[in-house]
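# Notes for the structure review
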Amino acid sequence: MQELSALYDGFAVVLSWGNIGLMLVGILLGIVVGVLPGLGGPNGVAILLPLTFSMHPTSAIILLSCIYWGALFGGAITSILFNIPGEAWSVATTFDGYPMAQQGRAGQALTSAFTGSFFGALVGVLLITFLAPAVARFALRFGPAEFFAVYLLTFCSFIGMGRESKPKIIIAMGIGFALAAVGMDTVSGDLRMTFGSSELLRGFDFLVAVIGLFGIGEILLTMEEGVAFKGNKARIDLKVVFKTWAQLPRYWLVLLRSSAIGCWLGVTPGGAIAASFMGYGIAKKFAKDPDSFGKGNVEGVLAPETAAHAAGTSALLPMLALGIPGSATAAVLLGGLMIWGLQPGPLLFTEQKDFVWGLIASMYLGNLAGLIVVLSTVPLFAAILRIPFSIIAPLILVVCAIGAFTVHNASFDIWLMLVFGVVGYLFKKLQYPLAPLVLALVLGDRAEDAFRQTMLISSGDLSVFWSNGLVGTIVTLALLALFWPLLSAGVARLRKGRNNLSPRYP
C-alpha cells in the first residue's frame, strides 16, 4: 500500500541518532510535565516551543510531540500514587488507581495504565496512518467556501458538544476571535484595534498567549491552592509487569471499546477529558461486577487511560489533514508548524512528505519508547513530587518568560504573557474553558479570510454555502452540532410526553 511505503520512508527520516536522542529527551521532559500538576501537555509544549525555532522542523516536531506523549504517560503516576491528577484527563484514573495503590497493587495499576495508554495511542496512530492521507486527498477539492464550512463545523462542535457551560464556551470563543482580529487585516491591509500602539501591529502572538494562559495561569492557581504531595511508594519489577501483561488479554473488549471511544472524541472536539470519563462510564456499565468500580478494579484504570491516549493521539489527524486542531495541544503544535513556515492541511501531504511521515513514524517509536521509559523510571519521577513547589514554581516562571521573550525578542511580550496569565487564572477560577479561546485565537484569522474570500467570489450571496453537496453537507452538520443540545432536549421531552400519555394498566 502507498501509506506503508510512505511510512517506511518516514522511519528512514526518524531513525537518526539526533532524532532518537530528541525523542528520549522529549519523553523525559513530557513525563516531568505530566507528573507536575502545575504544568500539563499543552503547557509544556507551549513553554518549550520557542526553544525549537532554530531546529529543523522535523526534529522540532518530534521533540514536541514526544513531550506530549510523555505528558500523557506521566499524568497516571500522580493519579495512582498520590490521588492527584497530573492531567485533567487523569481524574477518572484516580477512581480505581489510587485504591489499588492503597491495597499494595500500585505496580499492577501503573503497568495496566501504561499498557492501556500505549494500546490506545497505537490505535490512534494507526488511524492517522491510514485515514489522514485519504482525508487530505479529499480536502484537495476544497475552496474558500468549503474551508470556512470546516472551520464553522469545528467552532459549532466545540459549542454544541462541549461538556462545559454553553454560554461560557461562546464567551471564551468570542474573546479568542476578538484577540485574533487585533493587528493588520490580511485582506484589506487596514489596522484594527491597535489603538496607536506599534507593539500591537503584529497582533497577539498565539504562543505568548498560550504560555500565559496555560503556564502562568496554572502556576498562580497551584500557588493559591497550596498543593501538598503525600502518596504511596511504588517500584515496578519485571515479575509484576509480565504478570500484569499475562492478565490483560482477558480485557481485550475494554481496550478495543475504549480505543474506539477515544479515537472518535479525538477526531471530533470531545477531547481526552470527555474520552476518559466516557471510557470509564461505559466500562462500568458493561462490567460483570460494576459494584467493584471505585474500589480497585483494573478495568477502571485501563478504560480511561486507553480512551484518553487514543483521543490525545487521534486529535492530530484533523490538524495534519485539514489544518484544524482537535485539542489544545494540537492547536499549539499547529501554531508551531505555521511559525516554521509549514502550512497544515491537505497540501502538507504532497509538499512536505518527509515531514509528515517522519512525524507519524515518530509517533510509533515515541509511544514504544515512552512505555519502556515510564515502566523503568516510576520511582524517580514520583520522587520529583517531593520537591517543594516553592522551588519548582520560580523555575517554571523563568522558563515561561524566556519562551515569551524568544518569540519576537521583545520585552513587551513578557508583560503580555503576565496579562494572559492573569486571564488564564481567572478563567480557571470561574470555570471557563481555555480550549475554545485558543482555538479561536489560532483559527480566527483563517476562518475570517476564508469567509471574506467566499463573499467576494459570490458577491455577498450566502447561498454559496449550499451551492454544492459538499459544502452544503458540512454547513448542515455544523448547524446540527450547534443546536444538538436543543434538539436532544426536545426529543427527550417528546418521549417523556408520550410516556405520560400512554395508558397504564393495573
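None of the values given here were measured: they were computed from a predicted structure. (Residues numbered from 1 in each chain as written. Predicted model: local features only at pLDDT ≥ 70, side-chain atom pairs only at ≥ 80, totals over all residues. Heavy atoms only, no water.)

So, about the overall build of the protein chain. Regarding its fold elements, the protein chain presents 22 helices and two strands. Counting only residues that meet the buried cut, the protein chain has 56% of its 506 residues in that class. Long-range contacts, defined here as pairs at least 24 residues apart, represent 78% of the contacts in the protein chain between residues at least 6 apart. Carbon and sulfur atoms make up 67% of the accessible area of the protein chain, which totals about 21,700 Å². (Helix = DSSP H or I, 4+ residues; strand = E, 2+ residues; numbered from the N terminus. Buried < 20%, exposed > 50% of the residue type's maximum accessible area, 1.4 Å probe, protein only. Contact = heavy atoms within 4.5 Å. Areas by Shrake-Rupley, 256 points an atom, 1.4 Å probe, with all protein chains shown as cover.)

This paragraph deals with the pattern of salt bridges. If you walk through the whole model with that rule in mind, you get one salt bridge. Note that E448 is salt-bridged to R452, the shortest N-O span being 3.2 Å. One end of the pair, E448, and the other, R452, are both in helix α20 (residues 435-458), four residues apart, so they sit about a helical turn from each other. (Salt bridge = Lys/Arg side-chain N within 4 Å of Asp/Glu carboxyl O.)

Another aspect to go through is unusual backbone geometry. Most peptide bonds take the trans form, and the phi angle of most residues other than glycine is negative. Backbone geometry places Q431, a non-glycine residue, at a positive phi of 60°. According to the relative accessible area criterion, Q431 is exposed, its value standing at 61%.

Our focus in this paragraph is helix α19 (residues 412-429). With 18 residues, α19 should cover 26 Å at 1.5 Å per step; its first-to-last C-alpha distance of 26 Å lies within 8% of that length. Within the span of α19, buried status applies to D413, L416, M417, F420, G421, G424, Y425 and F427. (Expected span 1.5 Å × (residues − 1).)

On to the packing of aromatic side chains, then. For the structure on display, the rule yields six aromatic pairs. With 5.3 Å between their ring centres and 45° between their planes, F148 and F465 make a pair best called tilted. Note that F148 is positioned in helix α7 (residues 144-161) and F465 in the loop between α20 and α21 (469-482), a separation of 317 residues in sequence. Assigned by exposure class, F148 and F465 land together as buried. Each residue in the set F148, F451 and F465 is aromatic and connected to the rest through ring pairs, giving one cluster. (Phe/Tyr/Trp six-rings, centres within 6.5 Å; stacked < 30°, edge-to-face > 60°.)

Looking now at the packing of helix α8 (residues 166-180) against α20. Where α8 contacts α20, the two axes come as close as 7 Å, and the packing angle between them is 35°. For α8 against α20, the interelement crossing comes out right-handed. Residues I169, A172, M173, I175, G176, F177, L179 and A180 of α8 form the contact with α20, whose own contacting residues are P436, L437, L439, A440, L441, G444 and D445. (Axes fitted to C-alpha atoms, helices over the stretch in contact; angles between N-to-C directions. Left-handed = near helix turned anticlockwise from the far one by under 90°.)

Here I80 shows up in helix α4 (residues 57-82). Under the relative-accessibility criterion, I80 is labelled buried at 0%. Spatially, the C-alpha atom of I80 lies 4.4 Å from that of Y98, the residues being 18 residues apart in sequence. Dropping the residues within four chain positions of it, I80 is found in contact with T93, G97, Y98, A101, A109, L110, A113 and V301.

Attention now moves to the confidence of the model for the protein chain. Across the protein chain, the average pLDDT comes to 76, with 84% of residues at or above 70. Across the protein chain, element-level confidence peaks in α8 with a mean pLDDT of 87 and bottoms out in helix α3 (residues 41-48) with 69. (pLDDT = per-residue confidence, 0-100.)

Within the fold, S314 resides in helix α13 (residues 299-314). A polar atom in the side chain of S314 sits 3.5 Å from the backbone oxygen of C263. One polar contact links the side chain of S314 to the main-chain carbonyl oxygen of A311, over a distance of 3.4 Å. Those residues in contact with S314 that sit more than four places away from it in its chain are G124, L127, I128, G262, C263, G266 and V267. (Polar contact = N/O pair within 3.5 Å; in protein donor to acceptor, adjacent residues only side chain to side chain.)

This brings us to helix α11 (residues 252-267). For α11, spanning 16 residues, the distance from its first C-alpha to its last is 23 Å, which sits close to the expected 22 Å at 1.5 Å a residue. Listed in full, the buried residues belonging to α11 are V254, L255, S258, S259, I261, G262, C263, L265 and G266.

Describing two packed helices takes the angle between their axes plus the distance from one axis to the other. Their axes nearest at 7 Å, the elements α11 and α13 cross at an angle of 35°. Considering how the two elements wind past one another, α11 and α13 form a crossing that is right-handed. On α13, the residues that touch V254, L255, S258, S259, G262, C263, G266 and V267 of α11 are E299, L302, A303, T306, A307, A310, A311 and S314. Looking at the contact of α11 with α13 residue by residue, the class counts come to nine nonpolar, six polar and one charged. (Nonpolar A, V, L, I, M, F, W, Y, C, P; charged D, E, K, R; others polar.)

Before going further, it helps to spend a moment on a nonpolar patch on the surface. Judged by side-chain polarity, W466, L477, L479, L480, F483, W484, L486 and L487 come together as a nonpolar surface patch covering roughly 830 Å² of accessible area. Going through the elements one at a time, α21 and α22 (484-501) are the ones with two or more residues in the nonpolar patch. With respect to the element layout, W466 can be found in the loop between α20 and α21. (Patch = residues over 30% accessible without salt bridge, like charges linked within 9 Å, V, L, I, M, F, W, Y side chains within 5 Å.)

For the rest of this paragraph, the subject is the side chain of D96. Counting through the fold element by element, D96 comes out in helix α5 (residues 91-102). Only 2.8 Å separates the side chain of D96 from the backbone nitrogen of N297, close enough to count as a polar contact. Dropping the residues within four chain positions of it, D96 is found in contact with Y280, S292, F293, G294, K295, G296, N297, G300 and V301.

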